[in-house]
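Summary of structural features
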Amino acid sequence: MFADRIGNTIGIPGCCVLCLSIAWALLSKPAHAEAGSSEADTIYASAEDSYQAAEWQLAVRQFDTFGELHPDDPRAVAAQFYAAEAQMQNGQYSDAHARYRRLLQGPSSKDKESRIRFRAGEAAILAGSIETAQADLQAFLEHDPNDPLVPTAVLLLGKAYQSRGDYDAALAAYHRIIGQYSTDPQMPVALFAAAGLHGYMKQHVEAQQLYERLIAEHADYPQIEEAVFQLGLLFELTGNTSQAAEQWMRIHAEFPASRRWPEATYRLAQASFERGDFSTADTLVHRWLETDHSSGSSREMEPNRPDEDAIFRRVLYLKARIAAASELWDQVAEPLEQLITQFPDSPMRLPAQFWIAEANFRNGRHATALKQLEQLALLVTGRNESWVAMVPLRSAQILARQGAWDKAYRMAQSIGEDYPDFELLYEADYVIGRCLANYGEMAQARQAYRRVIQSSTGASTETAAMAQWMIGETYMHQKDYRNALTEYMRTLNYAEYPVWRARAALQVGVCHERMHQWDKAARWYQSVAKEYAQTEVGSQLAIRQEIALARAGGQRWKTSP
């Protein structure tokens, strides 16, 4: 309905649009005629009874009958006025407007002229006749600039301008109320309307200031939680995530029955997740799911009501992401399977399927993961979301683990061709290096490993430490122990990855051994034995130290004069 649309323009439900000005009409209902026997009294009394009983169509017919039979009765003008009011209540806005305009042309409407002009403008708005409404409301404002309904008329005029796309004129009307009628009941409505329109026009500073004023000065405004929510969106839009989170928290804590609670709570959980506070994010997600917002069933939404099903899908997805980020891989699949089951047509279905496969990969169920990834690969052809490149990457990694080197190599090679900007391209290069090394192509394998080390996104990762160690291994396989030693020594620079440092430390000593540098080997093992004593190579270091010391002593004995 147009009433809904025009009401929502300024943040008032359509069913309440008439509340802007109708209170005075209901308080001035037609007075009940005193008991009498005249036909005029009887008809008027019946019309009045129908009016008060909200039998609007009947009241219109009875008031019209009264006017037709008794056109000279002093109540004839009032009868037509209340007939128009009944039509307004009944949604007959065009008919009501026509009746108000006829009353204004009559000779006996002076006592209600201001009210009739106002109601004519309102009826025109509700009927969708915006140009007519502007003329009627402007006439009302000029007729009696001191009428108490002037702020409401200005507000309606602003709505009319806004509905026509004349945003500057609409803002001027709203700001007229803000500047001149700060104590009028329409003040918070004007603040809300102006803030919303400034936001729509991407005038974020002005919108923020007005929302903050509304929240500070009119905490009892019926849609205060909507103002808080919109302020949160503005903060989020301008990069002020901490301030945005404060608004989500306020809605979460203070407005549990609000239509904005589900989305605000989700956004609060998402913000917690993004800053690494997985515990808080998980608590908020569970709280969301414990409410009746999580039913997941389709429901009819009231105007502008957020789609709770869409939020529910995001909550389920976030629950899985929290579990993944916390490395609780056994808890990843359940919410995603629920998402897929309840919302099979959701755009989140494919990424959900990927994360289920990822959970199986992380849990070591490689055969299951590979089957899921192969099925998913058929569905993501041509898609360019950032996660899509993970499908061939994980497939290549699993194939390499299974020793299916040819398939792994082709899969890893395709990633660079199909996704040249993929952030984890260095992971594909590592798989390529493994495959080439298996083929005995050590020089080419080293090139692939060096691409990992030189990657802007991979240089500081564990994969880079592994690649550096593997370069040493390629030289070791070629019995080039001097270069192997150099590369293993470089692996020691990866301080954040002690496993690979420990393995490299062992191999450095082995290189000295292979070059028959037993003194150097013994001294090396002695220098690193304590640092790596508690690692997987600790016992080997101790054993090889004893061997090297023995060989070093024997070597000295053999070469002594």
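As shown above, the structure is provided for reference.
Below or above, wherever it landed, is the structure these notes cover.

**Some remarks on the overall build of the protein chain**
Within the protein chain, the regular secondary structure consists of 29 helices and zero strands. Counting only residues that meet the buried cut, the protein chain has 51% of its 561 residues in that class. Across the protein chain, every contact between residues at least 6 apart in sequence was considered, and the portion connecting residues at least 24 apart equals 52%. Total accessible area on the protein chain stands at roughly 27200 Å², and carbon and sulfur atoms take up 48% of it.

**Looking at the packing of aromatic side chains**
Enumeration over the complete set of coordinates arrives at 23 aromatic pairs. Relative to Trp 355, the ring of Phe 354 lies with its centre 5.6 Å away and its plane at 70 degrees, an arrangement referred to as edge-to-face. Classification of Phe 354 as buried rests on a relative accessible area of 3%. The class of Trp 355 is buried, set by a relative accessible area of 17%. Counting every residue linked through ring pairs, the aromatic cluster contains Tyr 44, Tyr 51, Trp 56, Phe 63, Phe 66, Phe 81, Tyr 82 and Tyr 100. The cationic tip of Arg 446 hangs over the ring face of Tyr 475; the distance from NZ or CZ to the ring centre is 3.9 Å.

**Some details on the pattern of salt bridges**
Applying the stated criterion across every chain, the model contains 26 salt bridges. Of the charged contacts, one joins Asp 73 and Arg 75 as a salt bridge, the two residues approaching to 3.1 Å between their closest N and O atoms. For Arg 75, a relative accessible area of 22% gives the class partly exposed. In this structure, Arg 259 engages Glu 226 in a salt bridge whose closest nitrogen and oxygen atoms are separated by 3.0 Å.

**Quick notes on helix α8 (residues 130-143)**
Under the 1.5 Å per step criterion, the end-to-end length of α8 is 20 Å for 14 residues, consistent within 8% with the ideal 20 Å. Listed in full, the buried residues belonging to α8 are Ile 130, Ala 133, Gln 134, Asp 136, Leu 137, Phe 140 and Leu 141.

**Some points on the packing of helix α11 (residues 187-200) against helix α12 (residues 204-217)**
Each pair of packed helices gets described by two things: the angle between the helix axes and the distance between those axes. Contact geometry of α11 with α12 gives a least axis separation of 8 Å together with a crossing angle of 155 degrees. Considering their axes alone, α11 and α12 lie roughly antiparallel with respect to each other. With respect to the hand of their crossing, α11 and α12 are arranged in left-handed fashion. For the pair formed by α11 and α12, the contact residues are Met 187, Pro 188, Leu 191, Phe 192, Ala 194, Ala 195, Gly 196, His 198 and Gly 199 on the first element and His 204, Glu 206, Ala 207, Leu 210, Tyr 211, Arg 213 and Leu 214 on the second. Residues belonging to the contact of α11 with α12 are distributed by class as follows: ten nonpolar, four polar and two charged.

**Observations concerning the environment of Gln 162**
The residue Gln 162 is located in helix α9 (residues 150-163) in this model. Taking the relative accessible area as the measure of exposure, Gln 162 reaches 13% and is therefore buried. Sequence separation between Gln 162 and Leu 197 is 35 residues; the distance between their C-alpha atoms is 8.4 Å.

So, how was this worked out
- Residues numbered from 1 in each chain as written.
- Predicted model: local features only at pLDDT ≥ 70, side-chain atom pairs only at ≥ 80, totals over all residues.
- Heavy atoms only, no water.
- Helix = DSSP H or I, 4+ residues; strand = E, 2+ residues; numbered from the N terminus.
- Buried < 20%, exposed > 50% of the residue type's maximum accessible area, 1.4 Å probe, protein only.
- Contact = heavy atoms within 4.5 Å.
- Areas by Shrake-Rupley, 256 points an atom, 1.4 Å probe, with all protein chains shown as cover.
- Phe/Tyr/Trp six-rings, centres within 6.5 Å; stacked < 30°, edge-to-face > 60°.
- Lys NZ or Arg CZ within 6 Å of the ring centre and 35° of its normal.
- Salt bridge = Lys/Arg side-chain N within 4 Å of Asp/Glu carboxyl O.
- Expected span 1.5 Å × (residues − 1).
- Axes fitted to C-alpha atoms, helices over the stretch in contact; angles between N-to-C directions.
- Parallel < 35°, antiparallel > 145°, perpendicular 65-115°, else oblique.
- Left-handed = near helix turned anticlockwise from the far one by under 90°.
- Nonpolar A, V, L, I, M, F, W, Y, C, P; charged D, E, K, R; others polar.

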